[in-house]
Amino acid sequence: MYTSDTVGSYYKEGQYNFLDQEGDSLKRFDMYTLIKAFPDETLKCYPEVLIYDATENQWYLFSDKERKSINQLLENGFFKIISNTIV
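So, here's what we can say about the structure. (Residues numbered from 1 in each chain as written. Predicted model: local features only at pLDDT ≥ 70, side-chain atom pairs only at ≥ 80, totals over all residues. Heavy atoms only, no water.)

### Some words on the environment of Tyr-52
Relative to the helices and strands, Tyr-52 is located in strand β3 (residues 49-53). C-alpha separation for the pair Tyr-52 and Arg-28, spaced 24 residues apart in sequence, amounts to 8.3 Å. Beyond its immediate sequence surroundings of up to four residues, Tyr-52 is in contact with Arg-28, Phe-29, Asp-30, Tyr-32, Asn-57, Gln-58 and Trp-59. Within the structure, Tyr-52 has its side chain in polar contact with the side chain of Asn-57 (distance 2.6 Å). (Helix = DSSP H or I, 4+ residues; strand = E, 2+ residues; numbered from the N terminus. Contact = heavy atoms within 4.5 Å. Polar contact = N/O pair within 3.5 Å; in protein donor to acceptor, adjacent residues only side chain to side chain.)

### What to know about the pattern of salt bridges
What the rule picks out here adds up to four salt bridges. Residue Asp-30 pairs with Lys-12 through a salt bridge whose shortest N-O separation is 3.7 Å. Of this pair, Asp-30 sits in strand β2 (residues 25-34) while Lys-12 sits in strand β1 (residues 10-19); the two residues are 18 residues apart in sequence, bridging distant segments of the chain. Here Lys-27 makes a salt bridge to Glu-56, at a shortest N to O gap of 3.6 Å. Of this pair, Lys-27 sits in strand β2 while Glu-56 sits in the loop between β3 and β4 (58-62); the two residues are 29 residues apart in sequence, bridging distant segments of the chain. Classification of Lys-27 as partly exposed rests on a relative accessible area of 24%. (Salt bridge = Lys/Arg side-chain N within 4 Å of Asp/Glu carboxyl O. Buried < 20%, exposed > 50% of the residue type's maximum accessible area, 1.4 Å probe, protein only.)

### A few points about the pairing of β3
Burial runs high along β3: five of the five residues are buried. Neither face of β3 is exposed, since Val-49, Ile-51 and Asp-53 on one face and Leu-50 and Tyr-52 on the opposite face are all buried. With five bridges connecting them, β2 and β3 associate as antiparallel partners. Pairing of Thr-33 across the sheet is with Val-49, part of β3. Pairing between β3 and β4: five bridges, direction antiparallel. For Asp-53, the partnering residue across the bridge sits in β4 and is Gln-58. Counted along the chain from β3 to the antiparallel partner β4, the turn is four residues long, and its residue Asn-57 has a positive phi close to 55°. (Pairing = 2+ DSSP bridges.)

### Re the sheet that holds β1
The pairing of strands in a sheet comes from backbone hydrogen bonds and takes either a parallel or an antiparallel form. Within the open sheet, the four strands sit side by side as β1-β2-β3-β4. Their pairing is antiparallel. Both outer strands of the open sheet, β1 and β4, are each paired with one neighbouring strand and no more. Across the sheet, the mean angle separating the axes of adjacent strands is 25° when strand polarity is ignored. (Axes fitted to C-alpha atoms, helices over the stretch in contact; angles between N-to-C directions.)

Here is the structure:
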């Protein structure tokens, strides 16, 4: 389990790259989840999930429900892992 001493720290949960038929990146998103190393009361002002659009250099708020929906799609074989560099 990963812990942090910084309130509001996030863990990079995944990186999703959408490729064209030649394998070139069209769009890339990184998903970050809030590290729960502190009581919920301390963290209630922080969003649970953040999405970073690396293509546009833009951050988005995301809900835990939406994150679970994406993970469910991935578990059902919606994607192919090209490489996994997240430790």
